[in-house]
Amino acid sequence: MWLNIAFLLSAVLYASRASGLGSSCSAPLGGGTASPSDPYWFETIKHQGASPFNPDPSSYQVFRNVKDFGAKGDGVTDDTAAINLAISSGSRCGNDTCTSSTLSPAIVYIPQGNYLVSSPINTYYYTQIIGDAKNPPTLLASSSFSGFAVIDANPYIPNGYGAQWFTNQNNFFRSARNLIIDLRRIPSGNSAIGLHWQVAQATSLVNIVVEMSTASGTNQIGLFMENGSGGFIGDVVFNGGKIGIEVGSQQFTVRNLTVNNCNTAVSGIWNWGFTFQGVTINNCQAGFQLTVGGITEEDQGVGSETIIDAVVVDTPIFVQSSVPSNGTLPFALALNNIKLTNVSTAVGDANGATILTGGTTTIASWGQGHVYSGTGGQKSWVQSAVYSANKPSVLLDSSGRIFGKSHPQYANYATSQIVSVKSQGAKGDGKTDDTAAIRNIFNQYAGCKIIFFDAGVYYVTDTISIPAGTQVVGEAWSVILGGGSNFQSQANPRVVVQAGTAGSQGILEISDIVFATVGPAPGAILLEWNVHDPSGQQGAAGLWDTHLRLGGAVGTNMQNAQCPSGSVNTACQAAFLGIHLTSGSSAYFEGTWVWTADHDLDSAASSLTSVFTGRGILSESAGPVWFIGTSEHAALYQYNLVNAQNHYIGFAQTETPYYQPAPAAPAPYNSSATYHDPTFSNSITSAWAMYVQSSSNILIFGAGFYSFYQIYAQTCLTTNSCQTHIFNTDTASSISVYGLSTVGSTYQLSVGQNGVIQASDNLDGFQSTFTAWSK
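Now for a quick tour of the structure. Note that the structure is predicted; figures quoted are calculated from it, not measured.

Procedures and definitions
- Residues numbered from 1 in each chain as written.
- Predicted model: local features only at pLDDT ≥ 70, side-chain atom pairs only at ≥ 80, totals over all residues.
- Heavy atoms only, no water.
- Disulfide = S-S within 2.5 Å.
- Helix = DSSP H or I, 4+ residues; strand = E, 2+ residues; numbered from the N terminus.
- Buried < 20%, exposed > 50% of the residue type's maximum accessible area, 1.4 Å probe, protein only.
- 1 Å grid on protein atoms, 1.4 Å probe; cavity = no way out; pocket = protein on both sides within 12 Å on 5 of 7 lines; lining within 4 Å.
- Points joined across faces, edges and corners; volume = space filled by probe spheres on them.
- Nonpolar A, V, L, I, M, F, W, Y, C, P; charged D, E, K, R; others polar.
- Phe/Tyr/Trp six-rings, centres within 6.5 Å; stacked < 30°, edge-to-face > 60°.
- Pairing = 2+ DSSP bridges.
- Axes fitted to C-alpha atoms, helices over the stretch in contact; angles between N-to-C directions.
- Core = buried A, V, L, I, M, F, W, Y, C linked by side-chain atoms within 4.5 Å.
- Contact = heavy atoms within 4.5 Å.

On to the state of the cysteines. Counting across every chain of the model gives 4 disulfides. In this model Cys25 forms its disulfide with Cys448; the gap between the sulfur atoms is 2.0 Å. With the S-S dihedral at roughly -65 degrees, the linkage between Cys25 and Cys448 falls on the left-handed side. Separated by 423 residues along the polypeptide, Cys25 in the loop between helix H1 (5–10) and helix H2 (41–44) and Cys448 in the loop between helix H4 (435–445) and strand E24 (450–453) bring together distant segments of the chain. The two residues Cys25 and Cys448 agree in class, both being buried. A sulfur-sulfur separation of 2.0 Å characterises the disulfide bridge that pairs Cys563 with Cys572. The S-S bond linking Cys563 to Cys572 shows a torsion near -95 degrees; that makes this disulfide left-handed. Cys572 carries the same exposure label as Cys563, and that label is buried. If you count the bonded cysteines of the chain from the N-terminus, they pair up as 1-4, 2-3, 5-6, 7-8. Distance from the sulfur of Cys262, which forms no disulfide, to the nearest cysteine sulfur (Cys284) is 5.1 Å. Using a relative accessible area of 0% as the deciding quantity, one classes Cys284 as buried.

Dropping the structure here:
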């Protein structure tokens, strides 16, 4: 089954597109006008994107159609070499030649067809592999296929004794979408993997189908990851095989996973925390088989598994742990809204014990592990029903599940419905001031054209306002780079990109964009989000595969040379605030990464940096808000929820700045009452991962709050003393937390800045984890 949700969504006519239209518009954009036989617009639009900081920007090619490199797509010709040439050409970062680079981005486009491959497709750094969204191509593994996986995001070096091309937890900026991978020609007894996806943040898999053998004794695996620090996977289907996905990583969010006719749908090797939102399992032998029980870093198993909104049919066991619990198992399992049909055992262990009986039934809310409530800090180890959080209806779809929306791809839109910013006068060369050109484009075309930001770096010196009703698409993470005097005053912060105006309603979709600054920019608010989706159109305003990257790259003036680790340079202040969700907004953010650079992506050794951002994400939104993402290394906080309501937060992952407490928070910034900053003291000297004030109906379903350093040293990890408090809520807020893992913090959760849950009570390998907490 091909899961082309993006195509279906883009066919919907939006009645409430905008409060106003661009000057060239006679009517709103409406639905797509491409005929079924027309090629996908992304294939036919003029590709004039560039990488302006590349050593040879005039000749470097960003967009690469594999057929231009010799691929046939006829199902007969071996296209392996042609596809790998499309990926690697142009002195790119890969094949163990560099650790990372923003200078050689690439879109590798695969048109409709069947592409025979006999060895791995090895992906280079900063690569998006995009198939035809209208007619997804098939990568057809030959019967003689040899190699680790059909698509390999981090190849092992031959005779390298386990060495790989990239450091797994720094393997950023890569994605693949709209692909079918077919392993069925490979003899079923041979080991075979569809995707080796060992990646980190700013990564995604979307609209992927893997076809595998259903023969007895099959050894085929759809997706394998053994390490990493992701990331987002969504709208993926695995048919047949031994294992649908076999996963081990610090953390990940997986949304809308379907596994059919497989021996084991999900095999968990290890993690600090995974969130599975929307799972369908049909006719498998087991749903989740989890390796658990390790209490040291060396024998780390699965730390936390949170599963919400699952449908499991004709599968004997839903969740199976590798060892008996014996009343003390250090492993957090949270289940919410799980519908079982003909499932004998809901939860059991590998020895055959039944912990929770199955049948044909619905599990409303069930947990295993340590559960807390209130402010007393007393833990209870349970295998039982647990507190079921209130889920406001505005967060749910028509079936009562947490709402989700696929990455927009506008598959049935015609090329004539897209307007290129470069064709309208923007330069994207990283130095020309494109403020006026971009403003003019939105003023002319907002609401009646999809705005295409050709690959490039668009330097702006004042606020860019994106009206409600606008859809924006980037190419290989097009960069909007704010800089200049307007963004240099902490006392008078200024917005770089404004999404809608206060009180505005309408569609506003932004995908495949990076927001960044040129230092110093201590007064920059990178993204102010004001727009609210229209009534009846959930998730109409949002971000997909869109990130904030602050420092650590060429063009920012905030690399290791200017901002070496341990330095405190005012020229290295990258932003006042990353994202501000204002009170009247709603938001659907999927796979968003707000990153203040801890290292230099464009230096040979990925050298550490001291770059400073004041704040990560401030939400004052009354909702609905759906947030799947990450915020790292801001000085005061990563998330601050103030008078916020109706938020669903998927796996929220944070890191405290490595330089703290020298300087101690909030330095080098000042606290601002206007922006509702937390208070700091001699005992609270590091950034908050999450700070919740006067908020209600906040549902956190999976989180990892990490503090790895004190002044770039890690001796504090052995005693969980890198910081004392990391996650705080006040007594007025209503918030429910499931599957929280922390590293390096004495307390995992505090109320009113008083520690409640001690990390030492919940050791679970490298991290500490509890199953649930509610007030």
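Attention now moves to the layout of surface pockets. By volume, the largest pocket amounts to about 600 Å³. When the residues that make up the lining of the largest pocket are grouped by side-chain class, the tally is 10 nonpolar, 11 polar and 4 charged. Its volume calculated, the second largest pocket comes out at about 310 Å³. Looking at the lining of the second largest pocket residue by residue, the classes come out as 5 nonpolar, 8 polar and 1 charged.

On to empty space enclosed by the protein, then. Here the idea is plain: a probe the size of a water molecule rolls over the atoms and shows the empty space left. The tally for this structure, following the rule as stated, stands at 9 cavities of 30 Å³ or more. The computed volume of the largest cavity comes to approximately 200 Å³. Looking at the largest cavity, it is lined by 21 residues, and the ones nearest its centre are Thr102, Gly456, Val457, Val479 and Arg549. Element by element, the count of residues in the lining of the largest cavity is highest for strand E27 (residues 470–482), at 6 residues.

Under the definition given, this model contains 48 aromatic pairs. Arranged with centres 5.4 Å apart and planes meeting at 90 degrees, the rings of Tyr126 and Trp477 form a pair that is edge-to-face. Here Trp477 lies in strand E27 and Tyr126 lies in the loop between strand E5 (121–122) and strand E6 (127–131), a separation of 351 residues in the sequence. You can call Trp477 buried: its relative accessible area is 2%. An aromatic cluster of at least three residues, connected via ring pairs, comprises Tyr124, Tyr125, Tyr126, Trp165, Phe166, Phe172, Phe173, Trp477, Trp593 and Trp595.

On to helix H3 (residues 80–88), then. If you check which residues of H3 are buried, you get Thr80, Ala82, Ile83, Asn84, Ala86 and Ile87. The positive-phi residue at the C-terminal boundary of H3 is Gly90, with phi of around 95 degrees.

Within the open sheet, the 10 strands sit side by side as E26-E28-E30-E33-E35-E37-E40-E42-E44-E45. Their pairing is mixed. A single partner strand is all that each edge strand has here, and the edge strands are strand E26 (464–466) and strand E45 (754–758). Neighbour to neighbour, the strand axes of the sheet diverge by 15 degrees on average, direction disregarded.

Generally speaking, nonpolar side chains in soluble globular proteins are found buried as a group. Grouped together as the largest cluster of nonpolar side chains are 103 residues, with contacts concentrated most on Phe453, Trp529 and Phe727. If you tally residues by element for this core, the top one is strand E33 (residues 573–581), at 6 residues. By size, the runner-up hydrophobic cluster in this structure holds 94 residues, among which are Ala71, Ile151, Val210 and Trp595.

Turning to the environment of Gly584, a few remarks are in order. By the element assignment, Gly584 lies in the loop between E33 and strand E34 (587–596). Each C-alpha atom of the pair Gly584 and Ala622 lies 6.6 Å from the other, and the pair is 38 residues apart in sequence. Filtering out sequence-adjacent residues up to four positions away, Gly584 remains in contact with Asn530 and His532.

This next bit is on unusual backbone geometry. Glycine aside, a negative phi is what most residues show, and trans is what most peptide bonds show. The omega torsion of the bond from Gln660 to Pro661 falls at 10 degrees, within 30 degrees of zero and hence cis. Inspection of the secondary structure assignment puts Pro661 in the loop between strand E39 (652–655) and strand E40 (688–693). Following Ala665, the chain continues into Pro666 via a peptide bond in cis, with omega recorded as 10 degrees. On the secondary structure map, Pro666 appears in the loop between E39 and E40. Of note, Asn283 is a non-glycine position whose phi angle comes to about 55 degrees, a positive value.

Nothing here speaks to function; it is geometry throughout.
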